[in-house]
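Structure at a glance
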Amino acid sequence: MGQRAWMAAAAAVAVSIVALAPGVMASPISSVLLTLRYPPFAASAPGVPPVAGVTRIRLPLYPGSGLSHHHFPMGYMGGIIGSPYARDGHTPVFATKARESQVMAWYRRYFASIGERSPGLSTSGNLNTGVEQQGLTFSRGLRQQYVTVAFFQEPHETIYGFSGSYLVTPPRPRSSRIPPLARVSGSLEGQGGSTPIHAVSSPALHALRAILNRDNTVTTAECPLAVSETAKLTLYPKHGPPISLQVSGYCPVQIGSVSLMNSQGKQLWRVLHRLVRLSA
């Protein structure tokens, strides 16, 4: 091995040693790539396969930053909770000699310059130890993409890192489309008990079909909202097999194994109550 090659190899080893030494910053880096992927369980989500691929976001680092082996006391902050169609990820932890307030102000200015603003500073902490960790979350594209910058003030440096989420929903499966209906049967369950539904009225069934075919946003079946009424129905198309339908309050609509955003909640419940009256 020639002298120059040996010196280059030795320098590479030295940089590796510095990067691996806890609490010591490596050579300054100007930017980092935040890679977002579906969580492992997304592949097994019922009804709809996830969209192939990943989302990558290039983010600048505070001037003079380097890699750090410190960890956030509260872990990474941010993310879209509860959706199997949210790609998530985080970067390594970085460190700078600047104060935490300086780094926060720098990132506020950067995100404002690209049209993104944070609703405010979020704080997580441990009441027993008094340790607090700060975070700024920025959103883009009708709140489909989130980037959170987490900060923590060490005695002689500020550590920070990025986490993110990007909601990438698959197209609505063709199997969840409602064909022309011949009849519907089932029940509406509420505080007053269970009311049977058996209807063959063409106008009401046409309205039900139109509403159910209007939403295209696939989502998770989980819902934190309080539910006062639930309709459990079987739809019988004029041609083809029966289709199960469940509507719980304003939670996502469940058509077979597919969950869809219930943006037509008021109109949907008007039609369901109409079907109850027709069944009396």
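None of the values given here were measured: they were computed from a predicted structure.

Tallied over the entire structure, the rule returns twelve aromatic pairs. Ring geometry for Phe-111 versus Phe-138: centroids 3.9 Å apart, planes at 10 degrees, classification stacked. Taken together, the residues span a long stretch of sequence, with Phe-111 in helix α2 (residues 100-113) and Phe-138 in strand β7 (residues 132-140) at a distance of 27 residues. We note that Phe-111, like Phe-138, is buried.

Next up on the list: the environment of Arg-99. One can find Arg-99 in the loop between β5 (94-96) and α2. Judged by relative accessible area, which is 47%, Arg-99 ranks as partly exposed.

All right, on to empty space enclosed by the protein then. As enumerated under the stated definition, the model contains one cavity of 30 Å³ or more in all. Space inside the largest cavity adds up to approximately 50 Å³. Where the lining of the largest cavity is concerned, the elements lending two or more residues are α3 (202-212) and β14 (253-255). Taken together, the residues of the lining of the largest cavity break down into seven nonpolar, two polar and one charged.

Looking now at the state of the cysteines. The full count for this structure, using the stated rule, is one disulfide. Here Cys-223 connects covalently by a disulfide to Cys-251, the sulfurs 2.2 Å from one another. The chirality of the disulfide connecting Cys-223 with Cys-251 is left-handed, given an S-S dihedral of about -75 degrees. Here Cys-223, found in the loop between α3 and β12 (230-237), pairs with Cys-251, found in the loop between β13 (243-248) and β14; they are 28 residues apart in sequence, far enough to count as distant.

For the protein, the average pLDDT comes to 84, and 83% of its residues sit at 70 or higher. Every residue in residues 1-26 is under pLDDT 50, and counting partners more than four places away or in other chains gives 21 contacts.

For the rest of this paragraph, the subject is the sheet that holds β13. One open sheet holds the six strands; their spatial order is β11-β10-β12-β13-β14-β15, and the pairing between them is antiparallel. The open sheet has two edge strands with one neighbour each: β11 (193-199) and β15 (258-260). Neighbour-to-neighbour, the strand axes of the sheet open up by a mean angle of 15 degrees, direction not taken into account. As paired elements, β13 and β14 share two bridges and run antiparallel to each other. The residue of β14 that forms the bridge with Gln-246 is Gln-254.

Ranked by internal contacts, the top residues of the largest apolar core, which has 32 residues, are Leu-208, Leu-212, Leu-235, Leu-272 and Leu-275. Looking at this core, the elements that each hand over two or more residues are β10 (181-190), β11, α3, β12, β13, β14, β15 and α4 (265-279). Ranked by residue count, the leading element in this core is α4, at six residues. Grouped together as the second largest cluster of nonpolar side chains are 20 residues, Leu-34, Leu-59, Phe-138 and Val-147 included.

Okay, the pairing of strand β8 (residues 145-153) next. In terms of burial, β8 is a largely internal element, eight of the nine residues being buried. Pairing geometry for β8 and strand β9 (residues 158-167), over nine bridges, is antiparallel. Residue pairing in the sheet places Phe-151 in a bridge with Tyr-160 of β9. Between β8 and β9, which pair antiparallel and follow one another directly, the connecting turn spans four residues.

Time to look at α3. Taken together, the buried positions of α3 are occupied by Ala-204, Leu-205, Leu-208, Ile-211 and Leu-212. Looking down the long axis of α3, one finds its buried residues gathered within 125 degrees of arc, a one-sided arrangement. Seen from the open side of α3, the exposed residues pointing more than 90 degrees away from its buried face are Ser-202, Pro-203 and His-206.

Definitions and cut-offs
- Residues numbered from 1 in each chain as written.
- Predicted model: local features only at pLDDT ≥ 70, side-chain atom pairs only at ≥ 80, totals over all residues.
- Heavy atoms only, no water.
- Phe/Tyr/Trp six-rings, centres within 6.5 Å; stacked < 30°, edge-to-face > 60°.
- Helix = DSSP H or I, 4+ residues; strand = E, 2+ residues; numbered from the N terminus.
- Buried < 20%, exposed > 50% of the residue type's maximum accessible area, 1.4 Å probe, protein only.
- 1 Å grid on protein atoms, 1.4 Å probe; cavity = no way out; pocket = protein on both sides within 12 Å on 5 of 7 lines; lining within 4 Å.
- Points joined across faces, edges and corners; volume = space filled by probe spheres on them.
- Nonpolar A, V, L, I, M, F, W, Y, C, P; charged D, E, K, R; others polar.
- Disulfide = S-S within 2.5 Å.
- pLDDT = per-residue confidence, 0-100.
- Contact = heavy atoms within 4.5 Å.
- Pairing = 2+ DSSP bridges.
- Axes fitted to C-alpha atoms, helices over the stretch in contact; angles between N-to-C directions.
- Core = buried A, V, L, I, M, F, W, Y, C linked by side-chain atoms within 4.5 Å.
- Arc of directions from axis to C-beta.

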